[in-house]
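Each chain is listed here by its residues.
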Amino acid sequence: MPKLSYLKALNRALGDEMARDPSVCVLGEDVRVAVSNVTAGLVKRFGPERVLDAPISEQAFTSFATGAALVGLRPLVEFQIPSLLFLAFEQIANQAHKVSLMSGGRARVPVTYLLPGSGSREAWAGQHSDHPYGLFAHVGVKTVVPATPSDAYGLLLSALRDDDPVVVFAPAGALGVREDVDPAALGPVPLGRGRVHRAGTDVTVVAVGHLVHEALAVAEELAGRVSVEVFDPRTLHPLDRAGLAASLRRTGRLVVLDDSNRSCGFAAEVLATAAEGPRLRAAPRRVTRPDGAVLPFAPALDRACQPGRAGLLAAIGEVTGVIEEGGGT
Amino acid sequence: MTADAGPDPDLDLDLYRTVALVRGFERRAVELVRAGVVPGGIHPCTGQEAVAAGVCAALRPDDLLTSTHRGHGHVLAKGADPARMMAELAGREPGLNRGRGGSMHAADFSLGVLGANAMVGAAVPIAAGAAWALRRAGSDRVAVAFFGDGAVNQGVVLEAFNLAALWRAPVVLVCENNGFATSMRTADAVAGSVLGRARAFGIPARAVDGTDPRAVRAAAAEAVARARAGGGPTLLECAVYRFDAHHTWEHTARPGYRSAAEEAAGRARDPLEVQGARLAPGVRSAVDAELDALLDAAVEFARGAPHPDPAAALEHLYATEVG
Ligand SMILES: Cc1ncc(C[n+]2csc(CCOP(=O)(O)OP(=O)(O)O)c2C)c(N)n1
Ligand SMILES: [Mg+2]
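Residue numbering note: each chain is counted from 1, following its sequence as written. Here the convention is simple: chains get letters from A, ligands get numbers from 1, in the order in which they are written. Totals for whole chains, interfaces and linings use all residues, but because this is a predicted model, local features are given only for residues with pLDDT of at least 70 and pairs of side-chain atoms are given and counted only at 80 or more. Based on all heavy atoms of the structure, the side-chain values leave hydrogens and waters out of the count.

A. Layout of the overall build of chain A. For the purposes of this entry, the term helix denotes a DSSP run of H or I that reaches at least four residues, the term strand denotes a run of E that reaches at least two, and both are numbered from the N terminus. Scanning chain A from terminus to terminus reveals 13 helices and 14 strands. Since a compact globule built from 329 residues should have a radius of gyration of about 20 Å, the 19 Å found for chain A is in line with a globular shape. Along the first, second and third principal axes, the C-alpha atoms of chain A reach 60 × 40 × 40 Å. Every one of the 329 residues in chain A was classed for burial, and the buried ones make up 60%. Of the contacts formed within chain A by residues at least 6 apart in sequence, a portion of 79% connects residues at least 24 apart. The accessible surface values rely on the Shrake-Rupley method and a 1.4 Å probe; as for residues, cover is taken only from the protein chains in view. A total accessible area of about 12400 Å² is found for chain A, and carbon and sulfur atoms account for 52% of it. Throughout, radius of gyration means the C-alpha value; the globule benchmark is 2.2 Å times the number of residues raised to the power 0.38. Only protein chains enter the area calculation, which uses a 1.4 Å probe; residues under 20% of their type maximum are buried, those over 50% are exposed, and those in between are partly exposed. Two residues form a contact once any of their heavy atoms are found within 4.5 Å.

Spelled out as structure tokens, the structure:
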């Protein structure tokens, strides 16, 4: 089976959807030369009217897309760096997101916001290393964080077809992931549905984005000693609460691996959801960035702030009582 | 003060030294990126050194500035220690900001550099606000905001122009127009003109040859004098050419938005040569030798400097801890 990389999957999903639906267009910075590689080849295929290089005016082009969507287009807006979402937060959270309700359902804003390379790219320092998916889940914008190439393909397709604004985070740590896929089997992946990557009976590890691969590696490492179930919500909002509950019924234990700052981060929502359900067999744990983290530049410091395998091992140990202390974040 | 008052050998030497310092620093920084010593890459300012040199030569040590993602030149021209700056780029503990900032934030606050900003345009209102506060306190200090041509398309920059003009902030707005915002040509991105945008707010604005340190110094001196005297902001649009990549990432990715012929033409007017030609050959080579020694030592310092302790990753997250 051919290998598909995560980046190529995004590129293919966008190209396939642009070919299928002439209302899909792309707005962003340096999208014609495809700095992020997501838009590679698209201007040649679809022409400059559908692949627009915008000046460095994120607030304007984000709401420009809203306007275009209100009259029938389905724009994808690409942001070069995750912190640009802070700049365009008003345009997404307070404008695009609120149109449907405030119009009594008479208007809709089908815009997709794509963040290729979200989270830390290591040594891009404080203003370029955030991973603000939790903010969008909090305000209620549909928020997607695919972990694998086929999910990246399928979720981006669904985001483009959805009639609401959807933010798609493509974590820097996942862009290089490759997967054997049958191209014919690629298709839309429904929003709002999680995925069990590995079944287990002792503990559920809820992992987001690139961290799914860390969780799978840890599950493999522990195989035979601890049976780890890896649950990937894929869509953070709306969260697949039924899928999460089903997993927790099987394992009764929970660890969340989430690249958000701890306080008020996504993991907090998962823990709260679990706490509202049937009693767990052990107090749950979360492995996250520290509270309020600003990522320092020096790579070792950057890494020290990111959740990873060591922290996950330790948390699984605490929750199951099976393995000794691991250490780490 | 009027424009170019004629040859001034001390000034010419000073300007050349700064241009050559920045040129030599950037060359070595790029080498350290290739060697894996500087992580994350850099946005080299090669070709644009005359703007930093000319503007900073018109400032007093107590004046302020804000810098950008392409900011090594501004910070060095304000007087930063190249060794500690190189150590910052390498993410080391003795770096200007203890390795926490890196290339895009290699500011030296002790020299009045109020940050080097990774968000395009974000520092322009910061410089304007600082300038306004200085004036309010009765001082005649001024602030400079350096920014690129791409930044004039940020709403916040135009909002800052308005506030600076309305409230007569003693700020000098220095736009380095290097023809590109990453791959996008200025002409494809800016409707109207940079000068026109400033003038729309009643801000005096002039075009400057950004490859000529003397011309930049003279224009900046006028703008600074105006600001000190309470005349408010001035915008200088300095025409330059970016000799190197947008970011060192391009050295391998080669996005190909400009031709080799165009690059060669752009490099034809080199600020280092423009200013170097104003010195006697012996003087120039003496400066070059001095800078080579200084910058080689800076590289050695950075290479040998200790790494920060990961356990202290979030030290200084807050100015004051609560609880
Ligand atoms: C607000 C914002 N948008 C986008 C980026 C990504 N980005 C970094 S530098 C750059 C181009 C900046 O162009 P210009 O202002 O002309 O400065 P130059 O790089 O040419 O020095 C872009 C788009 C950013 N850092 N900040
Ligand atoms: Mg530029």
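B. Spotlight on the site of ligand 1. In the vicinity of ligand 1 there are 23 residues, among which E58(A), H69(B), R70(B), A118(B) and N178(B) approach most closely. Throughout, near means a residue has at least one heavy atom within 4 Å of the molecule or strand. Neighbouring residues of ligand 1 are not confined to one chain but are distributed across chains A and B. Pairs of N or O atoms within 3.5 Å make up the polar contacts considered here, provided that, within protein, one atom can donate a hydrogen while the other can accept it, and that residues adjacent in sequence are counted only when both atoms are side-chain atoms. A151(B) places a main-chain nitrogen or oxygen 3.4 Å from an oxygen atom of ligand 1. Considering ligand 1 on its own, with 580 Å² of exposed area, one finds that the protein chains cover 96% of that surface. Where the shell around ligand 1 is concerned, the elements lending two or more residues are α4 (84-87) of chain A together with β5 (180-181) of chain B.

C. Region of interest: the layout of surface pockets. The pocket and cavity definitions rest on a 1 Å grid over protein atoms only: a 1.4 Å probe that fits but cannot leave marks a cavity, an open set with protein on both sides within 12 Å along at least five of seven lines marks a pocket, and residues lining either have an atom within 4 Å of a point. Grid points are joined across faces, edges and corners, and a volume is the space filled by probe spheres set on the points. Size it by volume and the second largest pocket reaches roughly 530 Å³. Lining the second largest pocket we find 23 residues, and of these G126(A), V294(A), R100(B), G101(B) and H105(B) sit closest to its centre. Considering each element in turn, the lining of the second largest pocket owes the most residues, three residues, to strand β2 (residues 113-116) of chain B. Asp, Glu, Lys and Arg are counted as charged, while Ala, Val, Leu, Ile, Met, Phe, Trp, Tyr, Cys and Pro are counted as nonpolar; the rest, among them Gly, fall into the polar class. In the lining of the second largest pocket, the residues fall into twelve nonpolar, eight polar and three charged. All domain edges in this entry derive from an automatic or database-based domain assignment. When we break the lining of the second largest pocket down by domain, the ones giving at least three residues each are domain 1 (3-185) and domain 2 (195-320) of chain A.

D. Layout of the nonpolar core. Residues M85(B) and L89(B) are the most contacted members of the largest nonpolar core, which totals 61 residues. Broken down by element, the residue count for this core peaks at twelve residues, all from helix α1 (residues 9-34) of chain B. Once you skip the residues sitting within four places of it in the chain, M85(B) turns out to touch F25(B), H72(B), V75(B), L76(B), A80(B), L96(B) and A106(B). Within the second largest apolar cluster, 41 residues are counted, among which are A54(A), F169(A), A274(A) and L280(A). Grouping buried Ala, Val, Leu, Ile, Met, Phe, Trp, Tyr and Cys residues that are joined through side-chain atoms within 4.5 Å yields what is termed a nonpolar core.

E. How the structure looks around the UniProt feature "domain: Dehydrogenase E1 component" (unreviewed entry) in chain B. The sites that UniProt annotates as "domain: Dehydrogenase E1 component" (unreviewed entry) are residues 17-279 of chain B. The span residues 17-279 of chain B is 42% helical and 14% strand by assignment, and the distance between its end C-alpha atoms comes to 11 Å. UniProt positions are given in the numbering used here, feature names are shortened, and annotations may be inferred rather than shown by experiment.

F. Region of the structure containing the coordination of the magnesium ion (ligand 2). All names here are of chain B. Surrounding the magnesium ion (ligand 2) are the protein donor atoms D149 (OD), N178 (OD1) and F180 (O), at 2.0 to 2.1 Å. Because no water is among the atoms considered, metal sites can look incomplete, with donors defined as N, O and S atoms within 2.8 Å of the metal, or 3.2 Å for Na, K and Ca. Mapped onto the sequence, the donors of the magnesium ion (ligand 2) take the spacing D-x28-N-x1-F. Taken as a pair, D149 in the loop between β3 (143-148) and α6 (155-166) and N178 in the loop between β4 (171-177) and β5 lie far apart in primary sequence, 29 residues in all. Both residues of the pair, D149 and N178, count as buried.

G. Quick look at the sheet that holds strand β10 (residues 203-207) of chain A. Residue and element names in this part refer to chain A. Any two strands are treated as partners once DSSP identifies two or more bridges connecting them. Read across the open sheet, the five strands follow the order β9-β11-β10-β13-β14; overall the sheet is mixed. With partners counted over all chains shown, the strands left at the sheet margins are β9 (195-198) and β14 (285-289), one partner each. Direction aside, neighbouring strands of the sheet carry axes that sit 25° apart on average. Taken together, the three bridges between β9 and strand β11 (residues 228-232) define a ladder with antiparallel strand orientation. Note on β11: the bridge partner recorded for R195 is D232. Every angle, taken between N-to-C directions, lies between 0 and 180 degrees, and every axis is a line fitted to C-alpha atoms, over only the stretch in contact when it is a helix.

H. Layout of empty space enclosed by the protein. Following the criterion strictly, the structure yields two cavities of 30 Å³ or more and no others. Lining of the largest cavity is provided by 14 residues; of these, A123(A), F297(A), G41(B), S103(B) and M104(B) occupy positions nearest its centre. Split into classes, the residues belonging to the lining of the largest cavity amount to six nonpolar, eight polar and no charged. Size it by volume and the second largest cavity reaches roughly 30 Å³. Taken together, C45(B), Q48(B), E49(B), A52(B), R70(B), G73(B), H74(B) and E176(B) make up the full set of residues lining the second largest cavity. Among the secondary structure elements, those contributing two or more residues to the lining of the second largest cavity are α2 (49-57) and α3 (72-77) of chain B. A per-class count over the lining of the second largest cavity returns two nonpolar, three polar and three charged.

I. Representation of the interface of chain A and chain B in the model. Across the contact, 33 residues belong to chain A and 36 residues belong to chain B. Summed over both partners, the accessible surface that disappears when two parts come together, traced with a 1.4 Å probe, is what is meant by buried area. Note on chain A versus chain B: buried area summed over both sides is about 2500 Å², and carbon and sulfur give 68% of it. One speaks of a salt bridge when a side-chain nitrogen belonging to Lys or Arg is within 4 Å of a carboxyl oxygen belonging to Asp or Glu. Applying the counting criterion to the chain A and chain B interface returns zero salt bridges. Here chain A and chain B share eight residue pairs in polar contact (both at pLDDT 80 or more) between them. Of all the secondary-structure elements, those providing two or more residues to the side of chain A that touches chain B are α4 and α12 (299-304) of chain A.

J. Looking closely at the packing of aromatic side chains. Stacked, edge-to-face and tilted labels apply to pairs of Phe, Tyr and Trp rings (six-membered ring for Trp) whose centres lie within 6.5 Å, assigned for plane angles under 30 degrees, over 60, and everything in between, in that order. Counting across every chain of the model gives nine aromatic pairs over all chains. Ring centres 6.1 Å apart and planes at 85° place the aromatic pair F161(B) and F201(B) in the edge-to-face group. Here the residue F161(B) occupies a position in helix α6, and F201(B) occupies one in the loop between α8 (194-200) and β7 (205-209), the gap between them amounting to 40 residues. Here a set of aromatic residues connected by ring pairs shows up, and it is made of F89(A), Y133(A), F136(A) and F169(A). Over the face of the ring belonging to W124(A) we find R121(A), whose NZ or CZ atom lies 5.0 Å from the ring centre. Look at NZ for Lys and CZ for Arg. If either is within 6 Å of the ring centre and within 35 degrees of the ring normal, a charge sits over the ring.

K. Up close: helix α5 (residues 124-136) of chain B. Residue and element names in this part refer to chain B. A rise of 1.5 Å per residue sets the reference length of α5, with its 13 residues, at 18 Å; its end C-alpha atoms lie 18 Å apart and thus fit the reference within 8%. What α5 keeps buried is the set V124, A127, A128, A130, A131 and L134. Take α5 and look down its axis: the buried residues cluster within an arc of 165°, on one side only. In this structure, the buried residues of α5 make contact with β1 (64-67), β2, β3, α6 and β4. Where α5 terminates, the next one or two residues include G138, which has phi positive at roughly 90°. Between the first and last residue of a helix there are one fewer steps than residues, each counted as 1.5 Å, and that sum is the expected span. Directions are taken from the helix axis to each C-beta atom, and the arc is the one they span.

L. Expanded view of the packing of helix α9 (residues 211-222) of chain A against helix α13 (residues 309-320) of chain A. Residue and element names in this part refer to chain A. Running from N to C, α9 and α13 cross one another at 50°; their axes reach a closest spacing of 10 Å. By the criterion of interaxial angle, the relationship of α9 to α13 is oblique. Crossing geometry of α9 relative to α13 is assigned as right-handed. Contacts between α9 and α13 involve E214, A215, A217, V218, E221 and L222 on the former and, on the latter, R309, L312, L313 and I316. By residue class, the composition of the contact of α9 with α13 is seven nonpolar, no polar and three charged. Angles are sorted into four bins: roughly parallel if under 35 degrees, roughly antiparallel if over 145, roughly perpendicular if 65 to 115, and oblique for all others. Take the far helix as your reference; a near helix turned counterclockwise from it by less than a right angle gives a left-handed crossing, and one turned clockwise gives a right-handed crossing.

M. Here's a closer look at the state of the cysteines. Residues and elements named next belong to chain B. Two cysteine sulfurs form a disulfide in these notes if their separation is within 2.5 Å. Enumeration over the complete set of coordinates arrives at zero disulfides over all chains. C175 takes part in no disulfide bond, and the closest cysteine sulfur, belonging to C238, lies 7.8 Å away. For C175, a relative accessible area of 0% gives the class buried.

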